[in-house]
Amino acid sequence: MVFPSAFATLLTSNDPPGELNASYLTELAASLSVAIDEALEKVKDLEQELKKCRTVLSPARRLPQEILCEIFSLVPLVEGNEDDPADVTVVSLVSRAWREAALNTHSLWQGLVFTPCRCVASDIKGSHYHATEYEKAQSWLSRSGALPKTVRLERNPDGTRCMCQDPGIRCESTHPTVVKLLAEGPPIDEFTLHVTSTSCFRKWMASVTSAGQNLARRTRWEKLRCFSLVFHDIDRQLWDDTTDPNLSIFANLPSVTEFHLNLPSMERAFEDEDDALSCSLHIPAPFLNGLGIFVIRWEWGGSRLAELLVHCINLESFTLELDETKVFSSFSDPVTLALRVSPIELGNLKELRIRRGNIHILEVLKAPSLHTLDIEFSVPLPQTWDAVQRVDKFITSSKIESTLQTLRLCELLASQSSVYLPLPALPALRHLVLDSTGVAGYHFAVKGWFDDGSRKHPQFPSLAHLELLNLQRSKRTLQKEVSDEVVYSEGTLQSELLSGKDVFLRLVQNEEYENSRTWYVQKE
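The name recorded for the protein in an unreviewed UniProt entry is F-box domain-containing protein, from Ephemerocybe angulata.

Attention now goes to the overall build of the protein. When helices and strands are tallied, the protein shows 17 helices and 17 strands. Here the protein holds 524 residues, and 42% of them are scored as buried. Partitioning the intrachain contacts of the protein with sequence separation of at least 6 by distance along the chain shows that 72% fall at a separation of at least 24.

Counting buried positions along strand β7 (residues 317–321) yields four of five residues, so the element is predominantly enclosed. Of the pairings in the sheet, the one linking strand β6 (residues 293–297) to β7 comprises five bridges and is parallel in character. From the neighbouring strand, R297 faces β7, where its bridge partner is E321. In terms of strand pairing, β7 meets strand β9 (residues 351–357) through five bridges, oriented parallel. Among the inter-strand pairings, F318 is bridged to a residue of β9, identified as L352.

All told, the structure shown has one cavity of 30 Å³ or more when counted by the stated rule. Computed from the structure, the largest cavity encloses a volume of approximately 40 Å³. Lining the largest cavity are T196, S197, T198, F231, H232, Q237, L238, W239 and P264. Class assignment for the residues of the lining of the largest cavity results in four nonpolar, five polar and no charged.

Let us look at the side chain of R355. Counting through the fold element by element, R355 comes out in strand β9. Given a relative accessible area of 16%, R355 falls into the buried group. Not counting residues within four places of it along the chain, the set of residues in contact with R355 comprises T319, L320, E321, L322, D323, D374, E376 and R408.

Let's shift gears to the environment of A306. Relative to the assigned elements, A306 resides in helix α12 (residues 306–309). With relative accessibility at 9%, the residue A306 sits in the buried group. The spacing of A306 and L365 is 59 residues in sequence and 9.6 Å in space, taken between C-alpha atoms.

To continue, consider unusual backbone geometry. Phi at D323 takes a positive value of approximately 50°, unusual for a residue other than glycine. Summarising the element assignment, D323 is placed in the loop between β7 and α13 (334–341). Taking relative accessible area as the criterion, D323 reaches 30% and is therefore assigned partly exposed. Even without glycine at this site, K399 takes up a positive phi of about 60°. Since its relative accessible area comes to 66%, K399 is described here as exposed.

On to the packing of helix α7 (residues 176–184) against helix α8 (residues 198–211). Running from N to C, α7 and α8 cross one another at 50°; their axes reach a closest spacing of 9 Å. Taken together, the axis directions place α7 and α8 in an arrangement best described as oblique. The element α7 and its partner α8 pack so that their crossing is right-handed. Of the residues in α8, those touching α7 at V178, V179, L182 and A183 are W204, S207, V208 and A211. Class assignment of the residues belonging to the contact of α7 with α8 gives a composition of seven nonpolar, one polar and no charged.

Between helix α3 (residues 65–72) and helix α5 (residues 96–104), whose axes approach to 9 Å, the crossing angle comes to 65°. The element α3 and its partner α5 pack so that their crossing is right-handed. Of the residues in α5, those touching α3 at Q65, L68, C69 and F72 are A97, W98, E100, A101, A102 and N104.

By size, the foremost hydrophobic cluster in this structure holds 102 residues, and its most contacted members are F191, W204, F227, W239 and F259. Beyond its immediate sequence surroundings of up to four residues, W204 is in contact with S173, T174, V178, V179, L182, F191, L193 and W221. With eight residues, the next largest nonpolar core counts L68, C69, A101 and W109 among its residues.

The rules behind each value
- Residue indices follow the written sequence of each chain, beginning from 1 at its first position.
- Note on the predicted model: pLDDT of at least 70 is required for a residue's local features to be given, and 80 or more for side-chain atom pairs to be given and counted; whole-chain, interface and lining totals, by contrast, use all residues.
- Excluding hydrogens and water, the side-chain figures rest on all heavy atoms present in the structure.
- Working definition: helices are DSSP H or I runs of at least four residues, strands are E runs of at least two. Numbering for both runs from the N terminus.
- The rule is simple: take the accessible area with a 1.4 Å probe, protein chains only, and divide by the maximum for that residue type; under 20% is buried, over 50% is exposed, in between is partly exposed.
- A contact between two residues is defined here by any heavy atoms of the two lying within 4.5 Å.
- Should DSSP find at least two bridges between two strands, the strands are taken to pair.
- Using a 1 Å grid laid over the protein atoms alone, points where a 1.4 Å probe fits but cannot get out form a cavity; open sets with protein on both sides within 12 Å along at least 5 of 7 lines form a pocket; any residue with an atom within 4 Å of a point counts as lining.
- Grid points are joined across faces, edges and corners, and a volume is the space filled by probe spheres set on the points.
- Three categories are distinguished: nonpolar for Ala, Val, Leu, Ile, Met, Phe, Trp, Tyr, Cys and Pro, charged for Asp, Glu, Lys and Arg, and polar for the others, with Gly belonging to the last.
- For helices, the fitted axis covers only the stretch in contact; all axes are lines through C-alpha atoms, and the angles between them, taken along N-to-C directions, range from 0 to 180 degrees.
- Oblique is the label for any angle not covered by the other classes, which are roughly parallel (under 35 degrees), roughly antiparallel (over 145) and roughly perpendicular (65 to 115).
- Should the near helix be turned counterclockwise from the far one by less than a right angle, the crossing is left-handed, whereas a clockwise turn marks it as right-handed.
- Nonpolar cores were defined as sets of buried Ala, Val, Leu, Ile, Met, Phe, Trp, Tyr and Cys residues, with membership established by side-chain atoms within 4.5 Å.

Right, here's the structure in full:
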């Protein structure tokens, strides 16, 4: 069924066909359209058959269980909350093979995240629901095998406060399923509890203590390795813990070796600043003695933090989150003045991290065993020089010049785009990270050292990994690049920066750099 050759001349002219010829061609066109539709239907049918063949022949069907398990162990976390596990049940419902692989990937079943229930304390239906939920939780965690298990009880996603002042409403912290898991469930390695007030934490303590009274063995709560307590800043909740250490909310903490404490902000917890500065945390000394890892968010300022640190005699890792709060910065506080003369010595401390704050705490600490120092500065430009010198003095006073292996300094400010770092020679330093926006270069200097022409930096002879993050391009520090016509790639700059070293360099172009390039090109 083709176009008739007798009508070929019509294709090369604009003459209209005759009436009979037009009628014939109309019928031919209709026949061709039908043939095309039939062919397309056949193509669709063939494509469906091809799809079936490819589905059966999919490489995913032939993946060994071991590889599937390895892939599943890398299941990404839920977007927006890096601590929450993804919905692994979706993975297990793809196919029988995938379900078997998911069940064999123990890391998928290591943790459970709960949100507060809204059931009334005496609700029979609620009790039945939580009994079923507990059985499901046990079954879920049992699939993790011998791996350490984690349980989290978080706040409601809508951010509403706990309404436990109403006697008919259960406190968010006393979730029946979570309480039972922490009393008599499978062994729990890490537990995270989110509360809105000290009264909520008191109710948790009373609830888990009551649940374990009739058990012949110690509760899972008492055997935790790590406990994280998070006080939320949803609204104003005054800190009303007692001044009697024996009656404090912290009096009966489990004997963990890792403790994370996220305290409420000063504005939310106290009427005025003086109340915050005079407030002590009555955490028992034996509890602090047993800590190996301590992470605390402290926005109360002052020097009361020293009352805790002095008892952390076995601490190996300490992280302090200040959120731009000043601690140990007073020149009239007798505690701070005494500690500057006789600092707290944390003899076993190996890792120290300070987040978003001034670093006056370095003046009241000594850490002779430290090998990792990680500081995120939050100081105004006029105080940057003093802050950097404080790091230098801490290193020398702790006598860790020959043992410090990792150093990270972030968010330094510079008036002339470059930061001067008067650090001592660190012969053991292997990993150096400098990450500050708005900085175009760093200058190191050690008195008495001279460049001997070798590839080893005289200040850091053992340096193996250098990261210069967010370094701005500038005419002051990248003169060659600015004056040349070609903009060098970051890879090229990395290779030229330190020959033979493992260097990672991330640059940020800025207006100053672009203006400088234009000036040099025009001049040429």
